[in-house]
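# Coordinate analysis (summary)
Here are the chains, one letter per residue:
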Amino acid sequence: MEKSEPRRSFIRSDGLLYVLLLVGVVSIIVLGTTLSERYGWPRAYTQIALYAILIAIGIAVYRVRLMSFRYSLTDRMLTVDRIVGKKERAEAHVHLSDICRIRPCAALSEGEGGRHLKLCHGNRAAATAVTYRVGGEERTLLLGLSEEMKERLIAQWKTVRRS
C-alpha cells in the first residue's frame, strides 16, 4: 500500500493556508465593494465575477492541497482510492490480468489507451500509465507511483500474465 500526497512546497502548514484563504476572501470582498462604489460598476456583475474567482480558488486548493491517493496492490488486484480529509472513495479496481501495458505517461501517444483517468498529483509526464481492458475497450490510469511500487506492480503483473 502506498499513499500519494501533494507536495507542500510553498505553504507548509494547514493553519497558514486557512489564514491566507480567509485574508484572500476578505480582500476579494473589499475589491468588489471598491469597484462597485468608486467606479460605478453594477454590483451584480462584480459579485458574480468575484464569486466565480472564489470558486476557482476553492477548486484549485481542493485539487492541489487537500486531495491524496492511496494505491493498494494485492496478488490479483490494483486498487486506487481518493482521500479527502477523512473520507475515502474508491476510484479504480483493476484485476492484474486485465492490464495490457504499464509504461511512463510520457511514452503515451495522443489518443492511445482510450479514456485517461488522472489519479496522481503534479506533472502528468512523470506519471505511470497503466492501460487495461474493460468491456472490450481500453482505459488508462495515470498513477503517481514510487519506483518501488512500480517495480512491485510490474513484477506481479508479469507473474499473473504467465499463470
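Residues numbered from 1 in each chain as written. Predicted model: local features only at pLDDT ≥ 70, side-chain atom pairs only at ≥ 80, totals over all residues. Heavy atoms only, no water.

## Quick notes on the environment of glycine 122
For glycine 122, the location among the structural elements is in the loop between strand S6 (115–119) and strand S7 (128–134). Given a relative accessible area of 53%, glycine 122 falls into the exposed group. (Helix = DSSP H or I, 4+ residues; strand = E, 2+ residues; numbered from the N terminus. Buried < 20%, exposed > 50% of the residue type's maximum accessible area, 1.4 Å probe, protein only.)

## Some thoughts on the nonpolar core
One finds Tyr71, Ile99, Leu141, Leu143 and Leu153 to be the most contacted residues of the largest nonpolar core, which totals 27 residues. Once you skip the residues sitting within four places of it in the chain, isoleucine 99 turns out to touch Val94, Val130, Thr131, Tyr132 and Trp157. (Core = buried A, V, L, I, M, F, W, Y, C linked by side-chain atoms within 4.5 Å. Contact = heavy atoms within 4.5 Å.)

## Points about helix H2 (residues 43–66)
Compared with an ideal rise of 1.5 Å per residue, which puts 24 residues at 34 Å, H2 spans 32 Å between its outermost C-alpha atoms and is within 8% of the ideal. For H2, the full list of buried residues reads Thr46, Leu50, Val61 and Arg65. (Expected span 1.5 Å × (residues − 1).)

## Observations regarding the pattern of salt bridges
This structure, assessed with the given rule, holds nine salt bridges. Notably, a salt bridge pairs arginine 139 with glutamate 137, separated by 3.5 Å at the nearest N-O pair. Judged by its relative accessible area of 26%, arginine 139 is partly exposed. Linking glutamate 147 and lysine 150 is a salt bridge whose minimum nitrogen-to-oxygen distance equals 3.3 Å. You can see glutamate 147 and its partner lysine 150 sitting in helix H3 (residues 147–162), three residues apart, about one turn around the helix. Connected through shared salt-bridge partners, Arg70, Asp81 and Glu88 make up one network. (Salt bridge = Lys/Arg side-chain N within 4 Å of Asp/Glu carboxyl O.)

Any link to function would need more than the numbers given here.
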